[in-house]
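Report on the structure
The residues making up each chain are set out below.
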Amino acid sequence: MSDDNPHSSNGSAKKGWIDKIVQLVQGEPKSKEELVEVIQDANQRELIDQNTREMIEGVLDVSSQRVRDIMIPRSQMVTLDVSHTIAEILPTLTKARHSRFPVINEDKDHIEGVLLAKDLLKFAFTEEASTTPLSEVIRPAVVVPESKRIDKLLKEFRSERYHMAIVVDEFGGVSGLVTIEDILEIIVGDIEDEFANEEALQDDIRRINDKTFAVNALTDIDDFNQYFGCEFSDEEVDTIGGMVTHAFGHLPGRGESIDIEGYRFKVRTADRRRLVQLQVSIPEDKALQLSIQE
């Protein structure tokens, strides 16, 4: 008889979910927060799995972020000098293992174009490599402003079929570069290069820009403290992921962030049991301290 009771807890739960779906179909929810709540509710009820939830939330992140939020900063750009020959730039290509390189004249504010590594294949094992200037094989560079929305840039990447753009500030100076992989990583998580060496794959802390780092959630708090010169306590938990989870009071999902003693921790990837990778933004004084040490 309890199944016929319209006031049963199970019936109310089902009705609550149905109401949310109806709202979604009718143009609701009315805010991003409400939409995220619907997605999280669907995940908890196992209507969608964790990976699907993370991808949907990643798409929402893409629509709200700007190029400046994900670009590779100017200081970390690997560039080639347009005055060099193909043979002269080969050591740089071999070491960096990128597929595309900005080509500059004098400094990074003077971008001459972009080199696609595949365009050098025709020069392999030929004497032309030692005499052909880089200027003869580069392609035009695509330039975008820091303020451009990421979803619009992704649409341009797809329609125009290019994979990298040079980012400029409001004064026209080069502030970094952005690739289609940088955008896709927001949606699907980190994309590791198939040629990445084992040491790089095992790094617990990886710099993204001057103030932002990708950190393995299993990094020991002691190692984190030593790297950043901070003093987080390890009395209750041993890892950074454990510390962040404890600070939330629950297992956070992808995209959730929290400030702890001046450090901002944002969840990049997580599964149903634990955090996997965090994005950590450090205080200004710590960023300056690290740059001096390096």
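Within an unreviewed UniProt entry, the label attached to the protein chain reads Magnesium and cobalt efflux protein CorC, and the organism entered is Agarivorans aestuarii. In its Sequence similarities (unreviewed entry) section, the UniProt entry covering the protein chain states "Belongs to the UPF0053 family." Taken from UniProt, the Function (unreviewed entry) comment for the protein chain reads in full: "Plays a role in the transport of magnesium and cobalt ions."

1. Quick look at the overall build of the protein chain
When its secondary structure is counted, the protein chain shows eleven helices and twelve strands. Across the 294 residues that make up the protein chain, the buried fraction comes to 38%.

2. A word on the sheet that holds strand 2 (residues 80-81)
Spatially, three strands are ordered 2-3-4 in an open sheet, and the strand pairing comes out mixed. Each edge of the sheet is formed by a strand with only one pairing partner; in this case those strands are strand 2 and strand 4 (107-116). Bridge count for strand 3 (residues 100-105) against strand 4 is six bridges, and the pairing is antiparallel. Within strand 4, the residue paired with P102 across the bridge is V114.

3. Some details on the side chain of T212
Relative to the helices and strands, T212 resides in strand 9 (residues 212-216). Take T212: its relative accessible area is 11%, and that puts it in the buried class.

4. Re the side chain of S175
Locating S175 in the fold gives a position in strand 7 (residues 174-179). Here S175 is in contact with M71, I72, P73, R74, E146, V167, V168 and D169, once residues within four sequence places are set aside.

5. Section: the pattern of salt bridges
Where charged atoms of side chains with opposite charge meet at close range, the side chains can pair. Scanning the entire structure with this criterion turns up seven salt bridges. Ionic pairing is found between D41 and R45, a salt bridge with its closest N-O pair at 2.9 Å. With relative accessibility at 12%, the residue D41 sits in the buried group. Residue class for R45 comes out partly exposed when judged on its relative accessible area of 39%. Close ionic contact of K148 with E156 constitutes a salt bridge, the shortest N to O distance being 2.9 Å.

6. Notes on the nonpolar core
The biggest cluster of nonpolar side chains holds 26 residues, and the ones touching the most others in it are F224, F228, F232, V244, Y263, F265 and L278. Dropping the residues within four chain positions of it, Y263 is found in contact with F224, F228, C230, F232, I258, V280, S281, I282, P283 and K286. M71, L154, A165 and I183 belong to the second largest nonpolar core, which has 17 residues in total.

7. With respect to helix 7 (residues 180-188)
Within helix 7, burial applies to I180, D182, I183, E185, I186 and I187. Of the surrounding elements, those touching the buried residues of helix 7 are helix 3 (50-64), helix 4 (67-70), strand 1 (72-73), helix 6 (150-160), strand 7 and strand 11 (263-270).

Each value, and the rule that gives it
Per chain, the residues get numbers from 1 upward, laid out in the order the sequence is written. At least 70 in pLDDT is required for a residue's local features to be given in this predicted model, at least 80 for side-chain atom pairs to be given and counted, and no such filter applies to totals for whole chains, interfaces and linings, which use all residues. The side-chain values count all of the structure's non-hydrogen atoms but skip hydrogen atoms and water molecules. UniProt positions are given in the numbering used here, feature names are shortened, and annotations may be inferred rather than shown by experiment. Working definition: helices are DSSP H or I runs of at least four residues, strands are E runs of at least two. Numbering for both runs from the N terminus. Each residue is placed in one exposure class: buried if its accessible area under a 1.4 Å probe, protein chains only, is under 20% of its type's maximum, exposed if it is over 50%, and partly exposed if it falls in between. In this description, strands pair whenever DSSP reports at least two bridges between them. We call two residues in contact when some of their heavy atoms are within 4.5 Å. In what follows, salt bridge is the name for a side-chain nitrogen of Lys or Arg lying within 4 Å of a carboxyl oxygen of Asp or Glu. Throughout, nonpolar core names a set of buried Ala, Val, Leu, Ile, Met, Phe, Trp, Tyr and Cys residues whose side chains join them through atoms within 4.5 Å.

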